[in-house]
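Fold and contact review
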Amino acid sequence: MSIKVSDYVLQRLREWDVEHVFAYPGDGINGLLAAWGRAENKPQFIQARHEEMAAFEAVGYAKFSGKVGVCAATSGPGAIHLLNGLYDAKLDHVPVVAIVGQTNRSAMGGSYQQEVDLLSLYKDVASAYCEMVTVPEQLPNVIDRAMRIARAQRTVTAIIIPADVQELDYSPPQHAFKMVPSSLGMASYAPVPADGDVARAAEVLNVGEKVAILIGQGARGARAEVEQIAEVLGAGVAKALLGKDALPDDLPYVTGSIGLLGTRPSYEMMQDCDTLLVIGSSFPYTQFMPELDQARAVQIDIDPQMIGLRYPFEVNLVGDSAATLQRLLPLLKRKQHGKWRKKIEKDTARWWEVMERRAAVHADPINPEHVVHALDALLPDNVILAADSGSAANWYARHLRMRGSMRGSLSGTLATMGPGVPYVIGAKFAHPDRPAIAIVGDGAMQMNGLAELITAGKYWQQWSNPHLIVAVLNNQDLNQVTWEMRAMSGAPQFLPSQALPDVAYADFARSIGLDGVRVEKPDDVEGAWRQALAADRPFVIDFRTDPAVPPIPPHASLDQIEAAAASVLKGDSDHGGMIRQGLKAKVQEMLPGTRQRDGGEG
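For the structure given in this document, a descriptive report is provided here. (Residues numbered from 1 in each chain as written. Predicted model: local features only at pLDDT ≥ 70, side-chain atom pairs only at ≥ 80, totals over all residues. Heavy atoms only, no water.)

1. Points about the pairing of strand 16 (residues 468–474)
By the criterion of burial, strand 16 is predominantly enclosed, with seven of the seven residues buried. In strand 16, alternate side chains face the same way, and those of L468, V470, V472 and N474 on one face and I469, A471 and L473 on the other are all buried. Inspection of the sheet shows strand 15 (residues 436–441) paired to strand 16 by six bridges, in the parallel sense. Across the sheet, residue V440 finds its bridge partner in strand 16, namely V472. Remark: the strand 15/helix 17 (residues 442–459)/strand 16 crossover connection has right-handed handedness. Where strand 16 and strand 18 (residues 539–544) come together, six bridges link them in parallel fashion. (Buried < 20%, exposed > 50% of the residue type's maximum accessible area, 1.4 Å probe, protein only. Helix = DSSP H or I, 4+ residues; strand = E, 2+ residues; numbered from the N terminus. Pairing = 2+ DSSP bridges. Right-handed = clockwise from strand over helix to strand, strands pointing away.)

In structure tokens form, the structure reads like this:
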């Protein structure tokens, strides 16, 4: 019996073990929608509220499952809407395949309705592989290559299928000239560098007396090896934000995140080290790494295009992190855990005490650091966490300690607003038995999260564990930009751009069959978290937080703090009683140990 191209597309996806496609319908993919009906919805069509959210859900699914995420959209506006989520995948090195419709071949070039030059539009985001199917015989090769390249290169690929092609009878490629047959599958592989390069790296690391290690998401599969090498070298380990879950934070030498959202012990370790080992990270901010002539450095990365970036590395090793470290470890000389390692552990322990004190500082009405710090001790060991871009990412980075099999992520490189809620929805389809929590600002919630709660409401009863929690840090301010303006430009808050309306987020959740609560007092924070973690359905917590709590980097100078405080005192109105006099003293109270202008301790 003959089948249509659209039927074959879904069949081939099933053969690649694709179980979910995050999508939104439209007439440009009507043929595929009909095929889904004939296929009894296998793979499952997950209906987002917007194509951008479908792409974000595919990214979240891929990040937390380790599989390829697949999303689909109609021609024209649908394909355009996917782009931001696809760029999020590309920049964070996440495998995602986009399947998009196109107008009929007969209409192409005729300025037809919803006709967009998708090959040109997708040329950058799907630069690794983007192909339009014009005859049935191009399949299965196009699908196989899109899946294989996305997985192998950890990137975005795209398949464009005109509407009329979807309706054609499928005929496979023949054993003939200019036909391209194909095959399924891709074996796992772990490339390793040459022995001579590994030996050179060992020489550099053996000479160092104060070794610092920086890991990223590329070290996630090398947890045991990273722990071993840190012990052998007597090193501390800092984590790029995408690698926050690559190593647990209950190890005393793990200094936590690094960078603008990072910790003070990570910053100081980099300022004082004489040797640097970077594993699986393309952390972009050179100013948070050692001075360029300070440390001898080695990098390990599986992607040769990402090697040698950010710092003048002496040895660049291209290879899988775990396999490369396994070859490197026997060549290393064990170092004594002397003053260097002890200082790192002492500084890290002190940092967590500082975080506890910062979370306890009074705010009006609630300190956002208290909200996130209170969650830390309550986190299930198998939780999946997502944070949205903005000040919420600061508190996620600094207050939540990874342990056990916890996973966490955010939009690391694109740093786009809005993926927090769709990330955890994608995560729930990857792991329906695990709890998932998104920490988002009210700006991101208004941009994308509110509507996507409807998606959670549509599907949550399919999940064996119903716990999907969205915590909204509701401060009625686009807070990260507000503080960036103050700290970097010395400009006061510009209310027409920054002020947000107050929205009853928990009420909205309850109106669509979910649950939620609004929290306006610090004493109610922990109880709200416990209520959400015990709920029998997805739960929204609307935390009324203080926008005057600054997400200022832990290495900030007093000059920067004073500039931020001065801009508030000079130009900001008393917005709802939350931006108030005395901010400068408050900031200094929340940043104990801030460096003085001369670089000493204050």
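2. Observations concerning the packing of aromatic side chains
In total, this model carries 13 aromatic pairs according to the counting rule given. Between the aromatic rings of Y267 and F288, the centroid separation amounts to 6.3 Å while the plane-to-plane angle is 75°, which identifies the pairing as edge-to-face. With a gap of 21 residues between them, Y267 in helix 11 (residues 264–272) and F288 in the loop between strand 10 (275–279) and strand 11 (296–301) connect regions that are remote in the sequence. On the basis of relative accessible area, F288 is assigned to the buried category, the value being 3%. Relative to W463, the ring of F429 has its centre 5.6 Å away and its plane inclined at 85°; by these criteria the two rings are edge-to-face. Separated by 34 residues along the polypeptide, F429 in helix 16 (residues 420–430) and W463 in the loop between helix 17 and strand 16 bring together distant segments of the chain. Both residues of the pair, F429 and W463, belong to the buried class. Counting every residue linked through ring pairs, the aromatic cluster contains F22, Y61, F429, Y459 and W463. One cation-aromatic arrangement involves R401 over W352; the distance from NZ or CZ to the ring centre is 4.6 Å. Taking NZ or CZ as reference, R486 lies 4.5 Å from the ring centre of W483, over its face. (Phe/Tyr/Trp six-rings, centres within 6.5 Å; stacked < 30°, edge-to-face > 60°. Lys NZ or Arg CZ within 6 Å of the ring centre and 35° of its normal.)

3. Description of empty space enclosed by the protein
Applying the stated criterion to the full structure yields two cavities of 30 Å³ or more. There is about 60 Å³ of room inside the largest cavity. Residues that form the lining of the largest cavity fall into these classes: four nonpolar, no polar and four charged. Its volume calculated, the second largest cavity comes out at about 40 Å³. Forming the boundary of the second largest cavity are L214, V278, S281, S282, F283, M289, Q299, L309, R310 and F313. (1 Å grid on protein atoms, 1.4 Å probe; cavity = no way out; pocket = protein on both sides within 12 Å on 5 of 7 lines; lining within 4 Å. Points joined across faces, edges and corners; volume = space filled by probe spheres on them. Nonpolar A, V, L, I, M, F, W, Y, C, P; charged D, E, K, R; others polar.)

4. Observations regarding the sheet that holds strand 8 (residues 236–239)
Taken in spatial order, the six strands make up an open sheet running 9-8-7-10-11-12, and their pairing is parallel. For this open sheet the edge positions go to strand 9 (254–257) and strand 12 (315–318), each flanked by a neighbour on one side alone. Taking the axes of each pair of neighbouring strands and ignoring which way they run, one obtains an average angle of 15° across the sheet. The pairing of strand 8 with strand 9 spans three bridges and is classified as parallel. Directly across from V237, in strand 9, lies its bridge partner V254. (Axes fitted to C-alpha atoms, helices over the stretch in contact; angles between N-to-C directions.)

5. As for unusual backbone geometry
Cis rather than trans, the peptide bond between K42 and P43 has omega equal to -5°. Along the chain, P43 turns up in the loop between helix 2 (30–38) and strand 2 (44–47). Following L139, the chain continues into P140 via a peptide bond in cis, with omega recorded as 10°. Examined against the element boundaries, P140 turns out to sit in the loop between strand 5 (130–132) and helix 7 (141–153). Notably, E40 is not glycine yet its phi reads approximately 55°, a positive angle. Topologically, E40 is positioned in the loop between helix 2 and strand 2. Assessed through its relative accessible area of 64%, E40 is described here as exposed. Phi at K178 takes a positive value of approximately 60°, unusual for a residue other than glycine. Residue class for K178 comes out exposed when judged on its relative accessible area of 73%.

6. Some thoughts on helix 2
Listed in full, the buried residues belonging to helix 2 are G31, L32, A35 and W36. The arc that holds every buried residue of helix 2, seen down its axis, measures 145°, which confines them to one face. Looking at the buried residues of helix 2, the elements they touch are helix 1 (5–15), strand 1 (20–23), strand 2, strand 4 (96–102) and helix 8 (163–166). Two residues or fewer past helix 2, E40 is found with a positive phi of approximately 55°. (Arc of directions from axis to C-beta. Contact = heavy atoms within 4.5 Å.)

7. So, the nonpolar core
Nonpolar side chains in soluble globular proteins tend to be buried together. Judged by nonpolar contacts, the single largest core of 58 residues is most densely connected at L82, L86, Y122, M445 and V470. With nine residues, helix 3 (residues 51–65) is the single largest residue contributor to this core. If near-sequence neighbours (up to four positions away) are discounted, L82 is found in contact with E51, A55, C71, A73, A98, V100 and Y122. Within the second largest apolar cluster, 39 residues are counted, among which are L242, A363, Y396 and V549. (Core = buried A, V, L, I, M, F, W, Y, C linked by side-chain atoms within 4.5 Å.)

8. Considering the side chain of T416
With respect to the helices and strands, the residue T416 is situated in the loop between strand 14 (407–409) and helix 16. Owing to a relative accessible area of 11%, T416 belongs among the buried residues under this scheme. Apart from residues no more than four positions distant in its own chain, T416 is found in contact with F56, N84, D88, D388, S389 and S411.

9. Comments concerning the pattern of salt bridges
In total, this model carries 25 salt bridges according to the counting rule given. When the shortest N-O distance is used, the salt bridge between D376 and R401 registers 2.8 Å. Here the residue D376 occupies a position in helix 14 (residues 368–376), and R401 occupies one in the loop between helix 15 (391–399) and strand 14, the gap between them amounting to 25 residues. What makes R401 partly exposed here is its relative accessible area of 27%. Residues joined by salt bridges that share partners form a network here, namely D502, R518, E520 and D542. (Salt bridge = Lys/Arg side-chain N within 4 Å of Asp/Glu carboxyl O.)

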